[in-house]
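# Breakdown of the fold
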Amino acid sequence: MDWWRIVHVLAMIWLGAGLGATYPLILKAWASKDLKYQMYCLTEAANNETRVLLPGAMGTGITGFFWATSQDLNFVTTGWLAALSAVYIVVYFVCLPLMGFGLRRARLASLIAAKKGEETEELRTILDDRVPLVFGTVLVLSVPVISWLAIFQPF
C-alpha cells in the first residue's frame, strides 16, 4: 500500500466522521418539535459541518487527486475516474455549499426563535423548506456511489 493511498483512506474516514457528526443532528432537528432541542441540534450540526465535514471533503478530494496522479491515471480517458470526479465535483461544489447555507439559515432562525421563546414564522418556513435535509441526504447517498466507482472501477 503506497503512501497516498493511506493518506486518502484517512481523509475518507475524516469525511465519514464529518457526515456522521452532522447528518444525524440535522435529522434530529427536523424530527423534533422542541425548540431548544432544535436549536441545539442545528447549532451543533453547523459547527460539525465547518469543523469536520468540510475539511474531510477537501482532504478527500486533494488526496484522491494526488493518489490518482501518482498512479498515472488519466482523469479524462479512465471512465470510472471521470465519473468519480464528476460526482465529487457535484457533491463538493453544489451539495456541500447548499447544505451549509441552509444549515446556517436554520441555525440562525432557531436561535432567534429560542431568544423570543416561541416558534417564529421564519423558523417554520425554513424547517418546511428542508434544504439541509435534502442535500445532506444526497451527500450521504453519494458516498456509496463514490465508493462503488472507486472499488469496482466498472468502466
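Residues numbered from 1 in each chain as written. Predicted model: local features only at pLDDT ≥ 70, side-chain atom pairs only at ≥ 80, totals over all residues. Heavy atoms only, no water.

### Things to note about the pattern of salt bridges
In this structure the tally under the stated criterion is 4 salt bridges. As a salt-bridge pair, Asp128 and Arg124 come within 3.5 Å of each other at their nearest N and O atoms. Of this pair, Asp128 and Arg124 both sit in helix α4 (residues 121-129), 4 residues apart, which is roughly one turn of that helix. For Asp128, a relative accessible area of 49% gives the class partly exposed. It is possible to trace a salt-bridge network through shared partners that takes in Glu119, Arg124 and Asp128. (Salt bridge = Lys/Arg side-chain N within 4 Å of Asp/Glu carboxyl O. Helix = DSSP H or I, 4+ residues; strand = E, 2+ residues; numbered from the N terminus. Buried < 20%, exposed > 50% of the residue type's maximum accessible area, 1.4 Å probe, protein only.)

### Topic: the packing of aromatic side chains
As enumerated under the stated definition, the model contains 7 aromatic pairs in all. Plain terms: the ring middles of Trp4 and Phe66 are 5.2 Å apart, the flat faces sit at 20° to each other, and that makes the pair stacked. Here Trp4, found in helix α1 (residues 3-31), pairs with Phe66, found in helix α2 (residues 35-70); they are 62 residues apart in sequence, far enough to count as distant. You can call Trp4 partly exposed: its relative accessible area is 27%. Look at Phe66 and you get partly exposed, because its relative accessible area is 37%. Residues Tyr88 and Tyr92 carry aromatic rings whose centres are separated by 5.8 Å and whose planes lie at 5° to one another, so their mutual orientation is stacked. Within this pair, Tyr88 and its partner Tyr92 are both found in helix α3 (residues 79-116), separated by 4 residues, close to a single helical turn. By way of ring pairs, the aromatic residues Trp3, Trp4, Phe65, Phe66 and Phe75 are connected into one cluster. (Phe/Tyr/Trp six-rings, centres within 6.5 Å; stacked < 30°, edge-to-face > 60°.)

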